[in-house]
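# Structural overview
For reference, the chains in residue letters:
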Amino acid sequence: MKLIQHASDLSAYLADDEVIDHRHPLVTETAERLGAGEGDAHVYASAAFVFVRDSVPHSMDVGDPRVTWRASDVLAARTGICYAKAHALTALLRAGGIHAGLCYQRLTGAGGGPVVHGLVAVRFPGRERWARQDPRGNVGGIDAQFSVDEERLAWVARPEFNEMDYPVVYEVPHPAPLHALRSSRDCAELRRNLPASL
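Residues numbered from 1 in each chain as written. Predicted model: local features only at pLDDT ≥ 70, side-chain atom pairs only at ≥ 80, totals over all residues. Heavy atoms only, no water.

### Digging into the pairing of strand 3 (residues 114-123)
Counting buried positions along strand 3 gives 9 out of 10 residues, so the element sits mostly inside the fold. Bridging between strand 2 (residues 99-108) and strand 3 involves 10 bridges; their strand directions are antiparallel. Paired with Leu102 across the bridge in strand 3 is Val120. Linking strand 2 to strand 3, which pair antiparallel, is a turn of 5 residues; within it Gly112 sits at a positive phi near 95°. Pairing between strand 3 and strand 4 (residues 131-133): 3 bridges, direction antiparallel. Residue Val120 lies in a different strand from strand 4, and its bridge partner there is Gln133. (Buried < 20%, exposed > 50% of the residue type's maximum accessible area, 1.4 Å probe, protein only. Helix = DSSP H or I, 4+ residues; strand = E, 2+ residues; numbered from the N terminus. Pairing = 2+ DSSP bridges.)

In structure tokens form, the structure reads like this:
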């Protein structure tokens, strides 16, 4: 699938804002600890991916009721659902000078209905295309890995179940998932507020 940039200017995918706050001291310190700016961008991006995937548990997997949405808060609390973890990884990548954006899938949720799942897209210098990454966390047989040549996501969308990959790479979070995060007091409420589509 060909991914489409939402913002025409590639520099938008390095921007800092309230959600992807990559200039926050905790984000920059974490990026430096993981090797940002020390050499190969691919090595750093892989380390940042593994850190978010493995060191920030998915709140619903571990029963953590807290809802995080700002990248620095995700890193501070060490918890978040897929969207929040995607915000954290995007911030870490941007802190390392790597173009990163947010993209989404519509999948079948635990209750059988559709739910939007959050991903990250990364684009390295000299590459013409974006590569999607899924820092959700490997539990229950999931085996998401960092890869720019062949996608290694947690789930492959199944059209026969009305699942789909949204092709757009956003420079900022899509309003629907962000609203669900910001308007939910805890994960129980968030589960009810998760968007079914974009």
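Right, picking up where we left off after that structure.
### Thoughts on the packing of helix 2 (residues 41-55) against helix 5 (residues 82-95)
Two numbers describe how helix 2 lies on helix 5: the axes approach to 10 Å, and their chain directions differ by 155°. Between helix 2 and helix 5, the angle falls in the class roughly antiparallel. Here helix 2 runs over helix 5; the crossing is right-handed. Contacts between helix 2 and helix 5 pair Tyr44, Ala45, Ala48, Phe49, Phe51, Val52 and Arg53 from the former with Lys85, Ala88, Leu89, Leu92 and Leu93 from the latter. A breakdown of the residues in the contact of helix 2 with helix 5 according to their chemical character gives 10 nonpolar, no polar and 2 charged. (Axes fitted to C-alpha atoms, helices over the stretch in contact; angles between N-to-C directions. Parallel < 35°, antiparallel > 145°, perpendicular 65-115°, else oblique. Left-handed = near helix turned anticlockwise from the far one by under 90°. Contact = heavy atoms within 4.5 Å. Nonpolar A, V, L, I, M, F, W, Y, C, P; charged D, E, K, R; others polar.)

### A closer look at the nonpolar core
Counting 45 residues, the largest nonpolar core has Leu92, Leu93 and Val122 as the members making the most contacts within it. The leading source of residues in this core is helix 5, at 9 residues. Discounting residues that sit within four places of it in the chain, Leu92 has contacts with Val27, Thr30, Ala31, Leu34, Tyr44, Ala48, Phe51, Val52 and Leu75. Within the second largest apolar cluster, 9 residues are counted, among which are Tyr13, Ala121, Leu153 and Val169. (Core = buried A, V, L, I, M, F, W, Y, C linked by side-chain atoms within 4.5 Å.)

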